[in-house]
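# Residue-level structure breakdown
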Amino acid sequence: MLSIDTLKVHYSGIQALRGVSLEVTKGETVALIGPNGAGKSSLLNTISGLVKPNSGNVVFEDTAITGAAPWAVTKTGILQVPEGRRVFAEMTVLENLQVGQTALHGREPTYGLDDVFRVFPILQERREQMAGSLSGGQQQMLVIGRGLMGGPRLLLLDEPSLGLAPVIIAQVFSALSELKQQGLTILLVEQNAHLALTASDRAYVLEQGQIVKSGASADLREDPEVAALYLGQG
Amino acid sequence: MLAQQLVNGIVVSGVYALFALGFTLVFGIQRILNLAHGAIFMTGAMVAYYVVKAGGALWLGFIMAIIASGLLSVFVEIVCFRRLRKTGDEEFGGIISSIGAGLVIMTIAQRVSDTLILRFPFETFPVVIFKFWGLRVSMLQLFMAGAALVLVFILGYYIYRTSFGRRVRAVTDNEHAAMLMGINPNLIYSQTYFLAGALAGAAGVLVGLAFNSINFIMGEPYLMFGFVIIILGGLGSIPGALLASLVFGMGQTLTIAYLPSGLTDTVIFAALFLILLFRPHGLMGKEEAGNIRGRR
Ligand SMILES: Nc1ncnc2c1ncn2[C@@H]1O[C@H](COP(=O)(O)OP(=O)(O)O)[C@@H](O)[C@H]1O
Ligand SMILES: [Mg+2]
């Protein structure tokens, strides 16, 4: 479904991606793990068109979208839920979700308001509240819900667990597994490797702009190197 | 008499609001001060004048002025700011390039008008005075207040109640997230600048009618007032600009009416200074609005 071929990105001076290749098949949840600064967000932003690659290709369902503008990328059904819960703070929860529909560009919605409220009931309770006044967990739910309103065929999630309490993380990830059950294809970026490897089918390990390991998530969980470096057990 | 001055003050405030709303809208969305806004206001007045002079009806002149000023404003954004935004230097670079655009527009207007003060033909706007409760209110004043009210209402409806307005607010709030939701910010900018310019142009026509005097530098005092108003209201805040227009317009009218003429500006600016001392981010401003780079 998504195929990335030797993608290279450098910002002035820094080489963030040094030839990354990666595949996501329809219906899969693929995790991308790696330390802070590895280039995970850069990869998602390049797919989404916020960052222009220096070389390499991004192909989504046989269409090259390399270097396309962000709004053009959303037309294909690739929706990114960015790192750091970027809600529209001075708009209500409902308005945030409505803005998400812009990404449809006339495509049929795959999730309506009701579906989002079923996955995240708290959003329905808070629908008239300003997004900026929500708790961190609620904001994370809102940005995921906003992405769903855009009719994703592939959802890119950037560190959904960042800065959240364990109880809230569990809620967010149970919602993600529900979405996965329903057949949504997800590319999940996480620093929390344990979470990511539990929630995904396959995974890639990114270090300093390069994929250093990949495989079935269950296997990577058992991998001694991965365990030592990312799972916090020796 | 106080009631009369209050009526006059409301009319003046309405014009300021039309001017300042666009100014603050643009600042809110791009963190840019468009210093050509005064020249765009003047263009509105000139266009209306030339339409009327060519035999067109005033309402036609009014509509043409709104459209022309809106388009001019869009053009200024594309020429002055769009390229600068790519370099990230728009904050100060934009000030300079928009001063330049303002000068170019004013110079063209000076040429076209031959540096003359232009006046609408007699009775372009019917001179009718209503007298009630001891007040004297001209039909023109009623029209000015009414037009300001209607336009402000339309703007508010557009921004707060339509899907277009939601997109404008989304880009204002977080441009990256808005792009990820499929919004093309360039389209939003053009539409916002059009609205801003159209409102300024409408204000220009109203001022041109009120004083029956139009010239190529008429926008500059309004640029200064507008600047004061959006700072007083809180940079980027629409309700703030409305409130500040009222405070400033009323304050100006009342001080002119009741204080010796030399004192007017002193009193107004001293009051502003006091307000900003207690509310450094303006009446309704967010803390971050003062920190121009804060949101990037
Ligand atoms: N806009 C940018 N300009 C310059 N350098 C950047 C930019 N964004 C990220 N970087 C750098 O690129 C590298 C990868 O960053 P990022 O993709 O955010 O990593 P991750 O998401 O894995 O933490 C880091 O060294 C970071 O400092
Ligand atoms: Mg990151």
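Here's a quick rundown of the structure. (Residues numbered from 1 in each chain as written. Chains lettered and ligands numbered in written order. Predicted model: local features only at pLDDT ≥ 70, side-chain atom pairs only at ≥ 80, totals over all residues. Heavy atoms only, no water.)

With that settled, consider the sheet that holds strand 4 (residues 55-60) of chain A. Here 4 strands make up an open sheet; going across it, the order is 2-1-4-5 (chain A) and the pairing antiparallel. Among the strands making up the open sheet, the edge pair consists of strand 2 (15-24) and strand 5 (63-64) of chain A. (Pairing = 2+ DSSP bridges. Helix = DSSP H or I, 4+ residues; strand = E, 2+ residues; numbered from the N terminus.)

Quick look at the site of ligand 1 now. Residue and element names in this part refer to chain A. By nearness alone, every residue bordering ligand 1 is listed as Tyr11, Ile14, Ala16, Pro35, Asn36, Gly37, Ala38, Gly39, Lys40, Ser41 and Ser42. A distance of 2.7 Å separates an oxygen atom of ligand 1 from a polar atom in the backbone of Gly37. One of the backbone nitrogen or oxygen atoms of Lys40 is found 2.8 Å away from an oxygen atom of ligand 1. Within the complex, 62% of the 550 Å² of free accessible area of ligand 1 lies under protein. Here the element with the most residues in the shell around ligand 1 is helix 1 (residues 40-48); it accounts for 3 residues. Residues of the shell around ligand 1, tallied by class, amount to 5 nonpolar, 5 polar and 1 charged. (Near = heavy atom within 4 Å. Polar contact = N/O pair within 3.5 Å; in protein donor to acceptor, adjacent residues only side chain to side chain. Areas by Shrake-Rupley, 256 points an atom, 1.4 Å probe, with all protein chains shown as cover. Nonpolar A, V, L, I, M, F, W, Y, C, P; charged D, E, K, R; others polar.)

Distances from the magnesium ion (ligand 2) to its protein donors, namely A:Ser41 (OG) and A:Glu83 (OE), fall within the range 2.0 to 2.5 Å. Of this pair, A:Ser41 sits in helix 1 while A:Glu83 sits in the loop between strand 6 (78-81) and helix 3 (93-100), and the two are 42 residues apart along the sequence. (Donors = N, O, S within 2.8 Å, 3.2 Å for Na, K, Ca; no water.)

Within the largest apolar cluster, 135 residues are counted, with the highest numbers of intra-cluster contacts made by A:Ile144 and B:Leu18. A:Ile144 has contacts with A:Val81, A:Phe120, A:Leu157, A:Val172, A:Leu176 and A:Leu179, leaving out every residue within four places of it along the chain. In this structure, A:Leu2, A:Ile4, A:Val9 and A:Val20 belong to the second largest nonpolar core, which totals 28 residues. (Core = buried A, V, L, I, M, F, W, Y, C linked by side-chain atoms within 4.5 Å. Buried < 20%, exposed > 50% of the residue type's maximum accessible area, 1.4 Å probe, protein only. Contact = heavy atoms within 4.5 Å.)

Glancing now at the interface of chain A and chain B. Facing 23 residues of chain A, the contacting portion of chain B comprises 19 residues. Looking at the side of chain A facing chain B, the largest losses of area belong to A:Trp71, A:Phe88 and A:Glu90, adding up to 30% of the total buried there. At the boundary of chain A with chain B, the tally comes to 1 salt bridge. Between B:Arg169 and A:Glu95 there is a salt bridge, and its shortest N-O distance comes to 2.9 Å. Seen at the junction of chain A and chain B, the total is 7 residue pairs in polar contact (both at pLDDT 80 or more). When contributions to the side of chain A that touches chain B are tallied by element, the ones reaching two or more residues are helix 2 (70-75), strand 6, helix 3 and helix 6 (136-149) of chain A. Of all the elements, helix 3 of chain A adds the most residues to the side of chain A that touches chain B, at 4 residues. Its residues assigned to classes, the side of chain A that touches chain B comprises 11 nonpolar, 8 polar and 4 charged. (Buried area = accessible area lost by both parts, 1.4 Å probe. Salt bridge = Lys/Arg side-chain N within 4 Å of Asp/Glu carboxyl O.)

Another point: the pairing of strand 6 of chain A. Residue and element names in this part refer to chain A. The two faces of strand 6 match: Ile78 and Gln80 on one face and Leu79 and Val81 on the other face are all buried. Across 4 bridges, strand 6 lies against strand 7 (residues 154-158) in parallel orientation. Bridge pairing links Gln80 to Leu156 in strand 7.

For the rest of this paragraph, the subject is unusual backbone geometry. For A:Asp62, which is not glycine, the phi torsion reads 70° and is therefore positive. As for its position among the elements, A:Asp62 is in the loop between strand 4 and strand 5. One non-glycine residue, B:Trp133, adopts positive backbone phi at about 45°.

This part covers the pattern of salt bridges. Scanning all chains against the criterion turns up 10 salt bridges over all chains. A:Glu28 is the salt-bridge partner of A:Arg202, the closest N and O atoms lying 2.5 Å from each other. Of this pair, A:Arg202 sits in strand 9 (residues 202-207) while A:Glu28 sits in the loop between strand 2 and strand 3 (29-33), placing them 174 residues apart in sequence. Since its relative accessible area comes to 23%, A:Arg202 is described here as partly exposed. For B:Glu175, the salt bridge identified is with B:Arg85, shortest N-O distance 3.0 Å. A residue pair is termed long-range when its members are at least 10 positions apart, and B:Glu175 in helix 7 (residues 175-180) and B:Arg85 in helix 3 (residues 58-87) qualify at 90 residues. Shared partners join several salt bridges into a network, and the residues in it are A:Lys213, A:Asp223 and A:Glu225.

Let's shift gears to the sheet that holds strand 10 (residues 210-216) of chain A. All names here are of chain A. Strand order in the open sheet formed by 6 strands is 6-7-8-3-9-10, with mixed pairing between adjacent strands. The sheet is open, and its two edges are formed by strand 6 and strand 10, each paired on a single side. The average undirected angle you get between the axes of adjacent strands in this sheet is 15°. In the sheet, strand 7 pairs with strand 8 (residues 185-190) via 5 bridges, with the strands oriented parallel. In the sheet register, Asp158 faces strand 8, and the bridge partner there is Val189. Where helix 1 meets the sheet, it contacts strand 3, strand 6, strand 7, strand 8 and strand 9, and its direction lies at approximately 145° from that of strand 7. (Axes fitted to C-alpha atoms, helices over the stretch in contact; angles between N-to-C directions.)

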